Amino acid sequence: MSLSHSRHFRVAIAAAALIGTASTAVLGLGTSDANADSVTSAPTRYEEPGNLLEVLEVPAFAGGEWAGPGASLSSASPSSVPAESSDDSDDAPEATSADSADQAPAPPAVTSDDLRRIVPGIPAERIDQYIAPLNDAMVHNGIDTPIRQAAFIAQLAVESDSFRTFEEYASGRAYEGRADLGNTQPGDGERYKGRGAIQVTGRHNYEELSQHTGVDFVANPELLAAPENAFASAAWYWTARDLNKVADTAGIVRVSELVNGGHHALTRRIADFERGLDVLLAP
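These numbers were taken from a predicted model, which means no experiment stands behind them. (Residues numbered from 1 in each chain as written. Predicted model: local features only at pLDDT ≥ 70, side-chain atom pairs only at ≥ 80, totals over all residues. Heavy atoms only, no water.)

Participant: For this particular structure, what's the right way to read the overall build of the protein?
Facilitator: From N to C terminus, the protein includes 13 helices and zero strands. In sequence order, the secondary structure elements of the protein are arranged as α-α-α-α-α-α-α-α-α-α-α-α-α. Counting only residues that meet the buried cut, the protein has 48% of its 283 residues in that class. The contacts of the protein with a sequence gap of at least 6 include a subset with a gap of at least 24, amounting to 69%. For the protein, the accessible surface area stands at approximately 13,400 Å², while carbon and sulfur atoms represent 51% of it. (Helix = DSSP H or I, 4+ residues; strand = E, 2+ residues; numbered from the N terminus. Buried < 20%, exposed > 50% of the residue type's maximum accessible area, 1.4 Å probe, protein only. Contact = heavy atoms within 4.5 Å. Areas by Shrake-Rupley, 256 points an atom, 1.4 Å probe, with all protein chains shown as cover.)

Participant: So what exactly am I meant to see when it comes to the packing of aromatic side chains here?
Facilitator: Aromatic rings considered in pairs are described by the distance between their centres and by the relative angle of their planes. Going through the model one piece at a time under the given rule, you end up with seven aromatic pairs. Each ring, one from Phe-152 and one from Trp-238, has its centre 5.1 Å from the other, and the planes form 85°; the classification is edge-to-face. A residue pair is termed long-range when its members are at least 10 positions apart, and Phe-152 in helix H7 (residues 146-159) and Trp-238 in helix H10 (residues 227-240) qualify at 86 residues. Here a set of aromatic residues connected by ring pairs shows up, and it is made of Tyr-130, Phe-163, Phe-166 and Phe-231. (Phe/Tyr/Trp six-rings, centres within 6.5 Å; stacked < 30°, edge-to-face > 60°.)

Participant: When you look at helix H9 (residues 203-213) in this model, what are you seeing that I'm missing?
Facilitator: For the α-helix, the turn length of 3.6 residues means that residues three or four positions removed from each other point alike. Within H9 the residues assigned to the buried category are Arg-203, His-204, Asn-205, Tyr-206, Leu-209 and Ser-210. At its buried positions, H9 is contacted by helix H8 (188-191) and H10. With its phi angle positive at about 85°, Gly-214 sits one or two positions after the end of H9.

Participant: Would you take a moment to explain the side chain of Asp-144 for this structure?
Facilitator: Structurally, Asp-144 is set in the loop between helix H6 (124-139) and H7. With a relative accessible area of 17%, Asp-144 lands in the buried category. At 3.2 Å, the side chain of Asp-144 forms a polar contact with the side chain of Arg-148. (Polar contact = N/O pair within 3.5 Å; in protein donor to acceptor, adjacent residues only side chain to side chain.)

Participant: What is the right way to read the nonpolar core from this model?
Facilitator: As a rule of thumb, nonpolar side chains are buried together in soluble globular proteins. Residues Leu-115, Leu-134, Phe-152, Leu-156, Phe-163 and Phe-231 are the most contacted members of the largest nonpolar core, which totals 53 residues. Contributing elements (two or more residues each) for this core: helix H5 (112-118), H6, H7, H9, H10, helix H11 (243-249), helix H12 (252-260) and helix H13 (266-280). The leading source of residues in this core is H7, at eight residues. In contact with Phe-231, not counting residues within four places along its chain, are Tyr-130, Pro-133, Leu-134, Ala-137, Leu-156, Phe-163, Phe-166 and Ala-197. (Core = buried A, V, L, I, M, F, W, Y, C linked by side-chain atoms within 4.5 Å.)

Participant: So what exactly am I meant to see when it comes to H10 here?
Facilitator: Compared with an ideal rise of 1.5 Å per residue, which puts 14 residues at 20 Å, H10 spans 20 Å between its outermost C-alpha atoms and is within 8% of the ideal. Burial runs high along H10: ten of the 14 residues are buried. Buried within H10 are the following residues: Pro-227, Asn-229, Ala-230, Phe-231, Ser-233, Ala-234, Ala-235, Trp-236, Tyr-237 and Trp-238. Along its buried surface, H10 packs onto H6, H7, H9, H11 and H12. Looking one or two places after H10, you find Asp-242, whose phi comes out positive at around 55°. (Expected span 1.5 Å × (residues − 1).)

Participant: What am I meant to see in the pattern of salt bridges here?
Facilitator: Here the idea is simple: oppositely charged side chains can pair when their charged atoms come close. Counted according to the given criterion, the structure contains 16 salt bridges. Between Glu-167 and Arg-195 there is a salt bridge, and its shortest N-O distance comes to 3.6 Å. With a gap of 28 residues between them, Glu-167 in the loop between H7 and H8 and Arg-195 in the loop between H8 and H9 connect regions that are remote in the sequence. According to the relative accessible area criterion, Arg-195 is buried, its value standing at 8%. Here Arg-191 ties to Asp-188 by a salt bridge, and the two come within 2.9 Å at their closest N and O atoms. Taken together, the residues span about one helical turn, with Arg-191 and Asp-188 both in helix H8 at a distance of three residues. Using a relative accessible area of 35% as the deciding quantity, one classes Arg-191 as partly exposed. One salt-bridge network, in which partners are shared between bridges, spans Asp-188, Arg-191, Arg-203 and Glu-207. (Salt bridge = Lys/Arg side-chain N within 4 Å of Asp/Glu carboxyl O.)

Rendered as structure tokens:
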């Protein structure tokens, strides 16, 4: 699908300008602040102004679908299929709808060059190491349109310091004794400080993530900093908060509030989101 530069600009600006009207959430997941809250204390609430993609007249994306270059957007109508000339025709059999579904293109992958352009500060030597687990996490969690992918990458870029670290720089002592994060045992603050691409924080959230993935991050918290786990945990958080829908309808500001619990680095998050749209919507 080819969009003009003016359409790119309109999509990016309109998407970034949408602001959720619900009160700011205070979260324990997805934050590097010592004031992080538990995921259970912040229900997802927001107004639904409508499908952003429909408003922006980008119908190929509006239904959560994406067709890459050369992909077929619809099946041929019966009238477009020529009738068989005889019973013993050697023509190949007509493809069934099931066959068409099997041949549907996979969601578009974000390339190494795309990631480099969206997050200019990412260390060059780490791009090839991160691109596969990043795409795997997005494909398996419905982060499959430019709006969703740009919003997801923008949040991770801020939370991980442009993918320079998957472990919080601070010691984690500030989280000690934070019962709202499940840190009820001595040493929990440092043990369960922010890790992963979206900074999962606190014993409670490590326990929830362990149950979801089957990996024991409670006993082995350092495993969360491994690239494959860092991106998988970010996607787990994303889907647990229904952030695909938030990105589609409420916009990047509301997504940022639900990830960080406020407006920390909001200007940077919006800028990375707009840059992501420009890159991912380029013909």
